[in-house]
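Residues per chain, in single letters:
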Amino acid sequence: QSATAVEERDSCKVLSKEDMTKLTNEHARSLEEALENIAKSTPSDQSPNAFACSERMLMLLSFDMLELMSNYSKSVSYIESMMESQLISAIGKRLESDDIDKFTTFHNARLLQKAPNQFSHAIRQPEHYPVGLVSIEDNTGDRKCIQTHSRIVNASSTVKLPLAAATILELAGDQVLHGWMNQRFGTKTASGRIESFELTARARQFSSFILVIGTMNGPSTLEPKDSIIIQNKDEVLIPLLLEELPTAKEFKDAIKSLSPEQQRFAKAYRSMQLESSVFGICVVQIKPQLEALLSLPPNSLDKEMKLTQDLMELFVEYQVPSDLLSYNGATDDVAVEDKVSNVREHVKSVMEVIEGEKEKHLKNAALNTAMSIEKHIQQDLAHSEQRSGLHDVVNGALIDPRPPTMFYKSATAPARRSGAAKLRAPSGGAQKERFRSVQSSAAPVPRMAKMSAVAAASPGRGTVSQVSQPAPQSYHGRTEHVLADRSSTGVDFTLIPKTLDVAIENNGEGSALRSTIIKTRDTWTRHRQENLLTASKDEVLTTEDLKKEKHKAFDLLDALSRSGSLPIQYSELHVIVALTHCFDKSVMETVICDNVNPIEKLELSTLLLASAIHGVPAREMIKDDGELLRLKGSFPLLLKDEEKKEEAMIG
């Protein structure tokens, strides 16, 4: 070799092939020499309990293999540590999952024609101030909102919302389809669920709306799970649970050895899982729907805060039919103020009837309580006078023609009576003690039963009638009402997870990208201010509390829709399809140990999801031609196959 070649070889930090060959040859020679020494040193007449020659050689080879494995592991760990240090020096920090989230947000805005937006939606009418806000936030850090691909769909179709078997609402408002790409680095939790996200709903002061949460059941049905009324600066935090489904590849590998019947069962159940992974959030604005319900012009209740609160109380607490409160003028050529005044008079009349019923129930309860106390006093006095030998006299003194309430007052004021009163109270201390014991044992005042319907106490409505209150979950009326100018067909939300499942498998991402089911936990947190003079407090809503809130919200929805006969025009339905890109290791271990670029993997996942949500080929989602050329080399299965399909259609 020349002197230059020798200098280059000596200055190189990596061993050359010749040096590696010398090292392996020397290792083989020394190992053969050790085996020969074992064979020579083993006597032929050794004891039966001693190790045989072959056993000694096997032990030597085993120890040699263990040492080789340890040295190899240390060498690889050293190389990985060195590469990680170099990567940290180049970037300036150790990357975590949050850093990848920030990068993908920045990168998607440059890469895609329609970049994902934050899932934070103001609840408002056109040219009006928002009445509230609905968002999905990460609760582990600075509560940033998730990013979703969004598209308004089914502009001319409606969605059904079943409240009960006899009542089905029709949501005629906007429908927005969202695609959420979540990413997870590291192993799953012990429960297999991700619990780091919350659905947050906030209402402004003197504002209110109804929140309904559920899953899409079929092409145009939202199956409600929970519902709550958000009003007057309420803030409700709803923890979300993310359950990852097995990938299509994992599913096929798992059922490969099953019988045909078992495979058909597993496929049917997986199909149900994919369809149920579509999460639905519905928001219903109360004020504009009240205006439509009561035959009032638009925006007529904007400044009627007390009237709105009274109407909600009548609908929720007393289930008053809306026909008793709506505008009943002969003609529509009336000023807005007069129409509102007409409704206000109806509300006032109904409230007066309710207050009258309350007073009547309170008087009856007070009378029953007084009679119960008098009965206990008479029994107590009879027993004590029997023991003192004055039973006959007391029997005559107990006869009093006055009403029980007057007798009760006289019994509590012994100074105003003489004779018989003194016999009833031989000692003031004993009488007071006996009265306290009787009073504590008296039956409590019964609560007034709520009115289920208040009849025509309103002007021009006729006589008043009273109907028994139905159970909170019971509704009456027509089952559904279909608008003449809207079709009942549209995008089938439940087919999108299946479409994504096939696309993921065809593009080689079957082992990392998983369909995800979104559920809500059984306990929520509500931040509420009881009145304007008290501070806000946090309260935990348990399962029983959520049932009560759901019944209240359903009562109000039933009233706003006339038991399903009036479509809910002022609603928003947000449908979310979620995917989770799973990396088994942390960000640095994925890059260094697995030699995988997570950014490229997330690019492919994002293109698959965006294409399914927006309903266009993936190549049309890419903004820049240079990026399109780069991605063609990285994802040939995705982009080149689409080009072939387009050429075939043109040809």
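Before any of the text, the structure's been laid out above.
What you see is a predicted model, and the numbers here were worked out from it, not measured in a lab. Each chain carries its own residue numbering, running from 1 in the written order of its sequence. Per-residue local features are limited, in this predicted model, to residues with pLDDT of at least 70; the limit for side-chain atom pairs, both in listing and counting, is 80 or more; totals at the level of whole chains, interfaces and linings are taken over all residues. Heavy atoms throughout the structure, all of them, feed into the side-chain values; hydrogens and water do not.

A. Seen up close, the overall build of the protein. Only DSSP runs of H or I reaching four residues or more are called helices, and only runs of E reaching two or more are called strands; each is numbered from the N terminus. What the protein contains, in helices and strands, is 19 helices and 18 strands. Buried residues are those whose accessible area, probed at 1.4 Å on protein chains only, stays under 20% of the maximum for their type, while exposed residues exceed 50% and partly exposed ones sit between those limits. Counting all 651 residues of the protein, 40% fall into the buried class. Residue contacts are defined here by distance: any two heavy atoms, one from each residue, within 4.5 Å place the two residues in contact. Looking at the protein alone, contacts between residues at least 24 apart form 74% of all its contacts between residues at least 6 apart. Counting every atom, the protein has about 35,900 Å² of accessible surface; 55% of that belongs to carbon and sulfur. Note on areas: Shrake-Rupley with a 1.4 Å probe; residue coverage comes only from the protein chains shown.

B. Summary view of the packing of aromatic side chains. Any pair of Phe, Tyr and Trp rings, taking the six-membered ring for Trp, is counted once the centres come within 6.5 Å. Such a pair is stacked with planes under 30 degrees apart, edge-to-face with planes over 60 apart, and tilted for the rest. Counted according to the given criterion, the structure contains three aromatic pairs. Geometrically, the ring pair formed by W180 and F197 is edge-to-face, given 4.9 Å between the ring centres and 85 degrees between the ring planes. Of this pair, W180 sits in strand β7 (residues 174-185) while F197 sits in strand β8 (residues 193-203); the two residues are 17 residues apart in sequence, bridging distant segments of the chain. W180 sits in the buried class, given a relative accessible area of 2%.

C. Layout of the layout of surface pockets. Approximately 860 Å³ is the volume found for the largest pocket. Lining the largest pocket are 38 residues, with D101, D138, N182, Q183 and F197 sitting closest to its centre. Those elements that place two or more of their residues in the lining of the largest pocket are α4 (97-111), β4 (147-153), β7, β8 and α17 (598-614). Residues are called lining when one of their atoms sits within 4 Å of a cavity or pocket point, these points coming from a 1 Å grid over the protein atoms alone, where a cavity is a set in which a 1.4 Å probe fits but cannot get out and a pocket is an open set with protein on both sides within 12 Å along at least five of seven lines. Grid points are joined across faces, edges and corners, and a volume is the space filled by probe spheres set on the points.

D. View of a nonpolar patch on the surface. For patch detection, residues must exceed 30% relative accessible area and be free of salt bridges, and they are connected within 9 Å for like charges or within 5 Å for nonpolar side chains (Val, Leu, Ile, Met, Phe, Trp, Tyr). A carboxyl oxygen of Asp or Glu within 4 Å of a side-chain nitrogen of Lys or Arg is what we treat as a salt bridge. Taken together, the side chains of F51, M59, F63, L66 and M69 define a hydrophobic patch exposed on the protein surface, amounting to about 560 Å² of accessible area. Overall, the relative accessible area of 54% leaves M69 in the exposed class.

E. Region of interest: the pairing of strand β18 (residues 571-583). By the criterion of burial, β18 is predominantly enclosed, with 13 of the 13 residues buried. The side-chain alternation of β18 yields two buried faces, one formed by S571, L573, V575, V577, L579, H581 and F583 and the other by E572, H574, I576, A578, T580 and C582. Strands are treated as partners if at least two bridges between them are detected by DSSP. Bridge analysis of β7 against β18 gives twelve bridges, and the strand direction is parallel. Each residue of the ladder has a partner; that of Q183, found in β18, is H581. Both strand β12 (residues 279-285) and β18 contribute to a ladder of six bridges, which runs antiparallel. The residue of β18 that forms the bridge with I281 is H574. Bridge count between strand β15 (residues 513-520) and β18: four bridges; the pairing is antiparallel. Along β18, the bridge assignment pairs R514 with T580.

F. Region of interest: unusual backbone geometry. We note that N299 has phi near 70 degrees; this positive angle belongs to a residue other than glycine. Relative to the helices and strands, N299 is located in the loop between α7 (286-293) and α8 (305-317). Even without being a glycine, Q319 presents a positive backbone phi close to 50 degrees. Tracing the backbone through its elements, the reader meets Q319 in the loop between α8 and α9 (336-388). Overall, the relative accessible area of 18% leaves Q319 in the buried class.

G. View of the nonpolar core. Counting residues in each nonpolar core, the largest one holds 71 residues, and the members touching the most others are I210, L314, L325, L556, L557 and L607. If we ignore the near neighbours within four places in the chain, the residues touching L557 are L161, L163, L169, I210, V212 and V284. Residue types Ala, Val, Leu, Ile, Met, Phe, Trp, Tyr and Cys, when buried and joined through side-chain atoms within 4.5 Å, form a set referred to as a nonpolar core. The next biggest cluster of nonpolar side chains, apart from the first, holds 30 residues, and it includes L199, I230, L242 and L541.

H. Region of interest: the side chain of D99. You can see D99 is positioned in helix α4. In this structure D99 comes out as buried when scored by relative accessible area, which is 17%. Other than its neighbours up to four places away in sequence, D99 contacts K93 and R94.

I. Region of interest: the pattern of salt bridges. Under the definition given, this model contains 29 salt bridges. Linking K358 and E355 is a salt bridge whose minimum nitrogen-to-oxygen distance equals 3.8 Å. With K358 and E355 both in helix α9, this residue pair falls three residues apart, about one helical turn. The shortest N-O distance in the salt bridge between E549 and R526 comes to 3.3 Å. One end of the pair, E549, is in helix α15 (residues 543-560); the other, R526, is in strand β16 (residues 524-528), with 23 residues separating them in the sequence. Both residues of the pair, E549 and R526, count as buried.

J. Focus on the environment of P497. If you trace the backbone, P497 turns up in helix α14 (residues 496-506). Given the relative accessible area of 2%, P497 is considered buried. With 226 residues separating them along the chain, P497 and S271 place their C-alpha atoms 9.3 Å apart. P497 has contacts with L274, S277, V278, S515 and V577, leaving out every residue within four places of it along the chain.

K. Representation of helix α18 (residues 625-634). Listing the buried residues of α18 in full gives E627, L628, L631 and K632. Taken around the axis of α18, the buried residues stretch over an arc of 140 degrees, which confines them to a single face. Turned more than 90 degrees from where α18 packs its buried face, L629 and G633 sit exposed. In protein, a polar contact means a hydrogen-donor-capable atom and an acceptor-capable atom, both N or O and within 3.5 Å, with residues adjacent in sequence counting only if both atoms are side-chain atoms; elsewhere, any N or O pair within 3.5 Å suffices. In this structure D624 caps α18, since a side-chain oxygen of it lies 3.1 Å from the backbone nitrogen of G626. The arc in question is the one traced by the directions running from the helix axis out to the C-beta atoms.

L. Examining the packing of helix α5 (residues 248-255) against helix α6 (residues 260-275) more closely. Simply put, an axis is a line fit to the C-alpha atoms, just over the touching stretch for a helix, and the angle between two N-to-C directions goes from 0 to 180 degrees. Close contact between α5 and α6 brings their axes to 10 Å; oriented N to C, the two are set at 160 degrees. Of the possible angle classes, the one that applies to α5 and α6 is roughly antiparallel. Of the two possible hands of crossing, α5 and α6 adopt the one that is right-handed. Residues A248, F251 and I255 of α5 form the contact with α6, whose participating residues are Q263, A266, K267 and R270. By definition in this entry, angles of less than 35 degrees are roughly parallel, angles greater than 145 are roughly antiparallel, angles of 65 to 115 are roughly perpendicular, and the rest are oblique. Here a crossing is taken to be left-handed if its near helix is turned anticlockwise relative to the far helix by less than a right angle, and right-handed if that turn runs clockwise.

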